[in-house]
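Each chain is listed here by its residues.
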Amino acid sequence: MPTKVSDHILQRLREWGVEHVFAYPGDGINGLLAAWGRADDTPRFVQSRHEEMSAFQAVGYAKFSGRVGVCAATSGPGAIHLLNGLYDAKLDHVPVVAIVGQTNRSALGGSYQQEVDLLSLYKDVASEFCAMVTVPEQLPNVIDRAMRTAYAKRTVTAVIVPADVQELDYTPPTHAFKMVPSSLGSPDYAPVPSPADVSRAAAVLNEGSKVAVLIGQGARGARPEVEELADVLGAGVAKALLGKDALPDDLPYVTGSIGLLGTRPSYEMMRDCDTLLVVGSSFPYSQFLPEFDQARAVQIDIDPFMVGLRYPFEVNLVGDAKSTLKALLPQLKRKKHGSWRKKIEKDVARWWQVMEGRAGVDADPLNPEYVVHALDALLPDDVMLSADSGSAANWYARHLRLRGAMRGSLSGTLATMGPGVPYAIGAKFAHPERPAVALVGDGAMQMNGMAELVTAAKYHRDWEDPRLVVAVLNNLDLNQVTWEMRALSGAPQFLPSQELPDVPYADFARSIGLDGVRVERPADVEAAWKQALAADRPFVIDFRTDPAVPPIPPHADLDQIEATAAAVLKGDSDRVGMVRQGLKAKIQEILPGSGRTRRSDDGS
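Residue numbers run consecutively from 1 along every chain, following the written order of its sequence. Confidence filtering applies because this is a predicted model: local features only for residues at pLDDT of at least 70, side-chain atom pairs given and counted only at 80 or more, and all residues used for totals across whole chains, interfaces and linings. To obtain the side-chain values, all non-hydrogen atoms of the structure were used and water was disregarded.

Colleague: Can you walk me through the packing of aromatic side chains in this structure?
Modeller: A ring pair, where both rings are aromatic, is described by two values, the distance of the centres and the angle of the planes. Pairing of aromatic rings covers Phe, Tyr and the six-membered ring of Trp, with a centre-to-centre limit of 6.5 Å; geometry is then stacked below 30 degrees between planes, edge-to-face above 60, and tilted otherwise. Within the structure shown, the criterion is met by 10 aromatic pairs. Ring centres of Trp 529 and Phe 543 lie 5.3 Å apart, and the angle between their planes is 40 degrees; this geometry places the pair in the tilted category. Placement of the pair is Trp 529 in helix H21 (residues 525-533) and Phe 543 in strand S18 (residues 539-544), with a sequence separation of 14 residues. One exposure class covers both Trp 529 and Phe 543, and it is buried. An aromatic cluster is defined as three or more aromatic residues linked by ring pairs; in this entry it consists of Phe 22, Tyr 61, Phe 429, Tyr 459 and Trp 463. Sitting over the ring of Trp 352, Arg 401 keeps its end group 4.4 Å from the ring centre. Under the scheme used here, helices are H or I runs from DSSP no shorter than 4 residues and strands are E runs no shorter than 2 residues, and both carry numbers assigned from the N terminus. Only protein chains enter the accessibility calculation, which uses a 1.4 Å probe. A residue is then buried if its area is under 20% of the maximum for its type, exposed if over 50%, and partly exposed in between. Throughout this description, the term charge over a ring refers to an Arg CZ or Lys NZ atom that lies within 6 Å of the ring centre and within 35 degrees of the ring normal.

Below, the structure written as structure tokens:
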């Protein structure tokens, strides 16, 4: 039987080492589906409940594996549904390849059913590479370029294959005019900046007396070098949320997250430093960095298009974080761990005390900060964490200390709702031997998390470690937007837009063969976490949390944080009004002219 184009596409994906394709079927990819049948489901077709979830699962797979995530969808609506997840990948610099169907070539331009101009639709999200296969000889080059570009530029690429082309017999490109042969492989390389630029950067860092470091996900592979640099320079290290797992939170000089969801120690370190080094981060909010005339600054980033952004850097180093830091470290002069470093460590220690205090404040029925804080000490050493956008991201950012080999991620730049559960599923396919925990709000759970529990139920028996814990912070409110309305607009909660129905999430999980429990008393929180982390299948914990717990901005005074939290939770209406006005003033102080409401803001 001759090899068809669809057969060759799957063969080439196998040759690239692709083991999973996250997808949803449709007649626009019927040729590919038939090829999957002939290939004994290799690479494995992982069926989600919706194409957007397939894209999110591919993103989660890529984030937690470091490999390209591949997703597939039918023509028209299927291709459209992928877009939100693909933009999530693009904005977070994650390698994802989308393979989408198209109507037959003979129908193109005829306003045919499900005919969408996919080249135009995808030209932004897959701006680095998007191609439509119209003859077999375009392969394998199109697949190779899509994979290689996704790896090399850490971005989204797309391959569009009309349905009739999928059914054609495959014929390779020949040694002839206007044929494009191809080859496999995306070789590793580690670019390093010029020695002169490295020396300039070293001079800036050596002259500083109060050095602050900000790292992002680009520093994940340079953990030993970042630790050595912090020791040599007597620096503190803050982390963008996408880099939360790049350096352990139990190091005394790690100030934690930065941004509106960040910590007070990170805010103060940036406020008071005289020198700034940014490594592997595109953290977008310059108002959380030092004043422009306050600090001399150096940036390290592997992407030449991402340097020089956010701050007036004196030296921009384009290179791999690990290799660049290795070149930089021998030229740095060791500084004493004096008052600057000691203050940072003291502030960090106090911050964790305050977080424990906030978690201990009574609420009705549960304090969400306590719910997440209680998980901190129970986290498995090899856990993979995902957090959804919304107030859940606040508590993920502030209460969980990632240690050792723990991994974590969320939708950093797009800050879209909905990826918490599909990220965790993608992570489980990347590392089926590791446990996963997803922190999601009830809004995100109702949006798509419940449907993706069906996906978890379908596949969990295939995972070496079946544990996938979904913790729902069920406060009957779209809470992040509610607080943004109060703080940014001075408006009360608008119930028709914010109020959510109470759904029995744990009951639903049990109804499809998973397990779960509803928790409404503080005394039951820790036991529920332990039960979920010991389960032999995915487990849903429905935590009934208090929507009145405010996500205080990081630049609020620590004493004020404790006092205002207590006031809100005790129902002191006069004080609550003062808190809201104070929140509004503080946020507008750093976000001048801010009057709009964002869906979420995770400060990555």
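Colleague: Where do I start with the sheet that holds strand S17 (residues 515-519) in this structure?
Modeller: Within a sheet, adjacent strands bond to each other through the backbone by hydrogen bonds, running parallel or antiparallel. If you trace the 6 strands from one edge of the open sheet to the other, you get S14-S13-S15-S16-S18-S17, paired in parallel fashion. Sheet topology places strand S14 (407-410) and S17 at the edges, where each strand pairs with a single neighbour. For this sheet the average axis-to-axis angle between neighbouring strands, irrespective of direction, equals 15 degrees. Here, strands pair whenever DSSP counts at least two bridges between them. Bridging between strand S15 (residues 436-441) and strand S16 (residues 468-474) involves 6 bridges; their strand directions are parallel. The residue of S16 that forms the bridge with Ala 436 is Leu 468. Residue contacts are counted whenever heavy atoms from the two residues lie within 4.5 Å of one another. Between N-to-C directions, angles span 0 to 180 degrees; the directions come from axes that are lines fitted to C-alpha atoms, helices contributing only their stretch in contact. On top of the sheet, helix H3 (residues 51-65) reaches strand S13 (384-387) and S14; it is set at about 145 degrees to S14, its chief contact.

Colleague: Help me understand the sheet that holds strand S2 (residues 44-47), please; the structure alone is not making it clear to me.
Modeller: Spatially, 6 strands are ordered S2-S1-S3-S4-S6-S5 in an open sheet, and the strand pairing comes out parallel. The strands lining the two open edges of the sheet, one partner per strand, are S2 and strand S5 (130-132). Taken pair by pair, the neighbouring strands of this sheet meet at an average axis angle of 25 degrees, ignoring direction. With 4 bridges joining them, strand S1 (residues 20-23) and S2 adopt parallel strand pairing.

Colleague: Would you explain the pattern of salt bridges in this entry?
Modeller: Oppositely charged side chains are able to pair whenever their charged atoms sit close together. Counted as salt bridges are all cases of a side-chain nitrogen of Lys or Arg within 4 Å of a carboxyl oxygen of Asp or Glu. According to the stated counting rule, one finds 34 salt bridges in the structure shown. Residues Glu 268 and Lys 343 are paired through a salt bridge, measuring 3.2 Å at the closest nitrogen-oxygen approach. In this pair, Glu 268 is assigned in helix H11 (residues 264-272) and Lys 343 in helix H13 (residues 339-359), connecting sequence segments 75 residues apart. Members of the salt-bridge network, linked through shared partners, are Arg 264, Glu 268, Lys 343 and Asp 347.

Colleague: Looking at this structure, I do not really get the packing of helix H14 (residues 368-376) against H21. What am I missing?
Modeller: In a packed pair of helices, the relevant descriptors are the angle between the two axes and the axis-to-axis distance. Where H14 meets H21, the closest approach of the two axes is 9 Å, and the angle between their N-to-C directions is 50 degrees. Taken as axis vectors, H14 and H21 run oblique relative to one another. Considering how the two elements wind past one another, H14 and H21 form a crossing that is right-handed. Between H14 and H21, the contacting residues are Tyr 370, Val 371, Ala 374 and Leu 375 on the first element and Val 525, Trp 529 and Leu 533 on the second. With respect to orientation, any angle under 35 degrees is reported as roughly parallel, any angle over 145 as roughly antiparallel, any angle of 65 to 115 as roughly perpendicular, and every other angle as oblique. Crossing handedness is read from the near helix: turned anticlockwise from the far helix by less than a right angle, it gives a left-handed crossing, and turned clockwise, a right-handed one.

Colleague: So what exactly am I meant to see when it comes to the side chain of Asp 347 here?
Modeller: With respect to the helices, strands and loops of the structure, Asp 347 is situated in helix H13. Not counting the four nearest positions on each side in its chain, Asp 347 is found in contact with Pro 265 and Glu 268.

Colleague: What is the right way to look at the packing of H14 against helix H15 (residues 391-399) in this model?
Modeller: Taken N-terminus to C-terminus, the directions of H14 and H15 make an angle of 40 degrees; their axes are 9 Å apart at the nearest point. If you check the angle between H14 and H15, you find them oblique. Relative to H15, H14 is oriented so that their crossing is right-handed. Across the interface between the two elements, Pro 368, Glu 369, Val 372, His 373 and Asp 376 of H14 pack against Trp 395, Tyr 396 and His 399 of H15.

Colleague: Help me understand the side chain of Arg 467, please; the structure alone is not making it clear to me.
Modeller: Assignment of secondary structure puts Arg 467 in the loop between helix H17 (442-459) and S16. For Arg 467, the side chain forms a polar contact with the side chain of Asp 465, separated by 2.8 Å. Leaving out residues up to four positions away in the same chain, Arg 467 has contacts with Pro 380, Lys 428, Arg 434, Pro 435, Ala 436, Leu 533 and Ala 535. The definition of a polar contact used here is a pair of N or O atoms within 3.5 Å, where within protein one atom must be able to donate a hydrogen and the other to accept one, and adjacent residues in sequence count solely through side-chain atom pairs.

Colleague: Could you clarify how one ought to interpret H11 in this entry?
Modeller: Note that an α-helix has 3.6 residues per turn; residues three or four places apart therefore point the same way. Counting buried positions along H11 yields 7 of 9 residues, so the element is predominantly enclosed. Among the residues making up H11, those that are buried are Arg 264, Pro 265, Ser 266, Tyr 267, Glu 268, Met 269 and Met 270.

Colleague: Mind showing me how you'd approach H3 here?
Modeller: Residue count minus one, scaled by 1.5 Å, sets the expected span of a helix. Here H3 is 15 residues long and its end C-alpha atoms lie 21 Å apart, about the 21 Å a rise of 1.5 Å per residue gives. The buried fraction of H3 amounts to 14 of the 15 residues, a majority that puts the element mostly inside the structure. Gly 66 sits one or two residues past H3 and shows a positive phi near 80 degrees.

Colleague: Sorry if this is basic, but what is going on with the environment of Ala 444 here?
Modeller: Within the secondary structure layout, Ala 444 lies in helix H17. Of the residues examined, Ala 444 reaches a relative accessible area of 4% and is grouped as buried. Separated by 24 residues in the primary sequence, Ala 444 and Gly 420 have C-alpha atoms spaced 7.9 Å apart. Setting aside its immediate chain neighbours within four residues, Ala 444 contacts Asp 388, Met 417, Gly 418 and Gly 449.

Colleague: Any chance you could explain the nonpolar core here in plain terms?
Modeller: Nonpolar side chains in soluble globular proteins tend to end up buried together. Membership of the largest hydrophobic core comes to 63 residues, with the highest contact counts inside it found for Met 270, Tyr 396, Trp 529, Ile 541 and Phe 543. In terms of residues, this core owes the most to one element, H13, which gives 7 residues. Non-local contacts of Met 270, meaning those with residues more than four positions away in its chain, are made with Ala 212, Val 213, Leu 214, Ala 238, Ile 258, Leu 276, Phe 288, Leu 289, Pro 290 and Gln 294. One finds Met 384, Ala 436, Val 472 and Tyr 505 within the second-largest nonpolar core, a separate group that totals 55 residues. Here, nonpolar core means buried Ala, Val, Leu, Ile, Met, Phe, Trp, Tyr and Cys residues that are tied together by side-chain atoms lying within 4.5 Å of each other.

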